[in-house]
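Spelled out, the chains give:
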Amino acid sequence: MSTSDLVLLGVLGALALAGGVLVFTLNSMARVTFSLLASLACVGGVVAVLGLPYLGVVIVLMMVMEMVIMAVFMIAYMMNPAGLMPMSMLHNTRGALAVSSVVFAALVAGIFAVPWPRRSGARPSDTTLQVGMSLMGDQMLTMVTLGFVLLATMVGATVLATHRGRYDRFGDDLDQRPAKDPAGGGVGR
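The shown structure was predicted, so the numbers you read here are calculated from the model rather than taken from an experiment. (Residues numbered from 1 in each chain as written. Predicted model: local features only at pLDDT ≥ 70, side-chain atom pairs only at ≥ 80, totals over all residues. Heavy atoms only, no water.)

Caption draft 1: Structural detail: the side chain of Thr33. Summarising the element assignment, Thr33 is placed in helix H2 (residues 29-49). Beyond its immediate sequence surroundings of up to four residues, Thr33 is in contact with Met67, Met70, Ala71 and Met74. (Helix = DSSP H or I, 4+ residues; strand = E, 2+ residues; numbered from the N terminus. Contact = heavy atoms within 4.5 Å.)

Set out below in structure tokens:
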């Protein structure tokens, strides 16, 4: 690793840690969501710097979509406006501290107790292909096809669930003023 890689690794690691700390110190669900997004995006950057760019990008894309969906649902369905009302992410602090301390100690002990394997052979030239083959093996085409089918299913379900278009309330020739909502509500009722 070059010096710039090590510096980038340190900066991304520190930012990921800071974002993780903010998750438990901020007082609204919306702010917590975006600090968790920042933390996990930095983790994806760390993975990319460590030599697995494909996996790093996948982590970032997954976390962005997951956190955006979570934020949208908070804005749409939470009792308080957009999850911005003060709240606490800390519950049962003593019990959580005890459990997390035991788990942390066990993980650290595992790091030193496990006999780590030595690298055998040369590092592959294309780590993206190596990760893909390790994860999916001969089913790569199946998984790519499945991804497109799932995307088409989501788009189709959204289109079918929406019984009217964007401009239906203006009439067939877009000349109905004031606009009339076909569902029965809104202006012009």
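Having seen it, we continue.
Caption draft 2: The arrangement of the packing of helix H1 (residues 3-25) against H2 in detail. One can describe the packing of H1 onto H2 by two numbers: an axis separation of 8 Å at closest approach and a directional angle of 155 degrees. It follows from the interaxial angle that H1 and H2 lie roughly antiparallel. In the packing of H1 onto H2, the handedness of the crossing is left-handed. Every residue of H2 that contacts H1 at Asp5, Leu8, Leu9, Leu12, Gly13, Leu15, Ala16, Gly19, Gly20, Leu22 and Val23 is listed here: Val32, Ser35, Leu36, Ser39, Cys42, Val43, Gly45, Val46 and Val49. For the contact of H1 with H2, the per-class residue count stands at 13 nonpolar, 6 polar and 1 charged. (Axes fitted to C-alpha atoms, helices over the stretch in contact; angles between N-to-C directions. Parallel < 35°, antiparallel > 145°, perpendicular 65-115°, else oblique. Left-handed = near helix turned anticlockwise from the far one by under 90°. Nonpolar A, V, L, I, M, F, W, Y, C, P; charged D, E, K, R; others polar.)

Caption draft 3: Highlighting the layout of surface pockets. In this structure, the largest pocket encloses a volume near 300 Å³. In terms of lining, the largest pocket is formed by Tyr54, Val58, Leu61, Met62, Met65, Leu151 and Met154. The set of elements that each furnish at least two residues to the lining of the largest pocket consists of helix H3 (53-77) and helix H6 (140-161). Among the elements that line the lining of the largest pocket, the one with the most residues is H3, at 5 residues. (1 Å grid on protein atoms, 1.4 Å probe; cavity = no way out; pocket = protein on both sides within 12 Å on 5 of 7 lines; lining within 4 Å. Points joined across faces, edges and corners; volume = space filled by probe spheres on them.)

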